[in-house]
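Below, each chain spelled out in residue letters.
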Amino acid sequence: MTPSTNTLDPHAHPHPTGLQHHFADMEQQADASKIGMWLFLVTEVLLFGGLFVGFALMQGRHHEAFLAAHHHLDRSLGILNTVVLLTSSWTMVMAVHSAQQGERKRLIVYLALTLVFACAFLGVKYLEYSHKFHEGLLPGKYYSHRGDTVPGQFMFFSFYFMMTGLHGLHIVAGMAAISWVLRRAMRGDFSGAYYTPVEIVGLYWHLVDMIWIYLFPLLYLIG
Amino acid sequence: MNTQAHAKHPTPRVYALVLLALLLLTAMTVSASGVDFGSPGVNVVIALLIASLKACLVALFFMHLRYDKPINAVIFSTGLVFLALFLIFCLIDFESREAVVPENLKTPGAVVAGGEAAAK
């Protein structure tokens, strides 16, 4: 425990805003929340891990099919989405920083910007998906693309849709979480002394970004 | 300056530099994927190394692991260790049972038949 907890004087503020009764002080409460979030993030890593392991096994075995299939993806859209998501991670961390400094207006602006980038990401994803639906580049037995020279390309698209689909769901969930934090920020719930929800949602958003950091080269660049 | 305990967080300048590094690494991985290193395996290794470098930057700076109490880093690393075990044991298993997997992908016709059979 660091001595900086003394900045919350229990006599001046017997119930600091946001401190629940079963925690000794703000630091303990914030630490408990963060440990809980990291444990949850580990379960998320293992959830996606199953798909990554499956991808690794099948890519290793059917390398030519995966290589041929990945040429159907639009690389420049993938790059665009990577830039969008990395930038959204930056706006998110700036939101956390603003919350820390107690700057409510900047916190609101950065959270809103993060939401805008998230929408842009989903918009690009929509373009990509509709192109693939149109071409019949669909998972498993729904694959109906004509003129393939290498068989087995449907497998790549099974992984593509499961991985980017699950990731997309996480983006939507992240947007819901950011909207919730944004609403609370506008209501004035946060201060330099209490901003744990912003930080926790930030951790989630960065994990979603981190998963995309792996998805992008595996799906778009090397197949 | 602020009252939530873990006060030692990086400055906006550090965050901006990390974003810049992430974008540069993205450019690097894109250009590296176009280079022929002789074996496709080398491209995979390079892409994964760059991705891991990016993930480390995100975890250490954006997710504050470098500045937080070590317990969070311990939890996350433990998760990654188990993911590695998951991957390694699956690979060992998969690579050592060649004959069991039906080679049903020789022709496009066989793929459709195999897919139908599996679906039923």
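First, a word on what this report is: a plain description of the structure on this page.

Cut-offs and rules
Residues numbered from 1 in each chain as written. Chains lettered and ligands numbered in written order. Predicted model: local features only at pLDDT ≥ 70, side-chain atom pairs only at ≥ 80, totals over all residues. Heavy atoms only, no water. Phe/Tyr/Trp six-rings, centres within 6.5 Å; stacked < 30°, edge-to-face > 60°. Salt bridge = Lys/Arg side-chain N within 4 Å of Asp/Glu carboxyl O. Helix = DSSP H or I, 4+ residues; strand = E, 2+ residues; numbered from the N terminus. Buried < 20%, exposed > 50% of the residue type's maximum accessible area, 1.4 Å probe, protein only. Contact = heavy atoms within 4.5 Å. Buried area = accessible area lost by both parts, 1.4 Å probe.

**Details of the packing of aromatic side chains**
Argument step 1. One pass over the full model with this rule turns up 21 aromatic pairs over all chains.
Argument step 2. An aromatic cluster of at least three residues, connected via ring pairs, comprises Phe55, Phe66, Tyr129, Phe133, Tyr143, Phe156, Phe157, Phe159, Tyr160 and Phe161 of chain A.

**A word on the pattern of salt bridges**
Argument step 1. Scanning the entire structure with this criterion turns up eight salt bridges over all chains.
Argument step 2. One salt bridge in this structure joins Lys125 of chain A and Glu128 of chain A, with 3.3 Å as the shortest N-O distance. Residue Lys125 of chain A and its partner Glu128 of chain A are both found in helix H4 (residues 104-135); the two are separated by three residues, about one turn of the helix.
Argument step 3. A residue is classified by how much of its surface remains accessible, and Lys125 of chain A, at 5% relative accessible area, is buried.
Argument step 4. The class for Glu128 of chain A is buried, based on a relative accessible area of 2%.
Argument step 5. A salt bridge links Asp189 of chain A to Arg184 of chain A; the nearest nitrogen and oxygen atoms lie 2.8 Å apart.
Argument step 6. The exposure class assigned to Arg184 of chain A is buried, which follows from its relative accessible area of 15%.
Argument step 7. Here the salt bridges share partners, and the residues they tie into one network are Glu27 and Asp31 of chain A together with Lys69 of chain B.

**Quick notes on the interface of chain B and chain A**
Argument step 1. Between chain B and chain A, the contact holds 56 residues from the first and 60 residues from the second.
Argument step 2. Here chain B meets chain A over a buried area of about 5,200 Å², counting both sides, of which 74% is carbon and sulfur.
Argument step 3. Run the count over chain B and chain A and you get three salt bridges.
Argument step 4. For Lys34 of chain A, the salt bridge is made with Asp68 of chain B, and the minimal N-O distance between the two is 2.8 Å.
Argument step 5. Here the element with the most residues in the side of chain B that touches chain A is helix H3 (residues 70-95) of chain B; it accounts for 13 residues.

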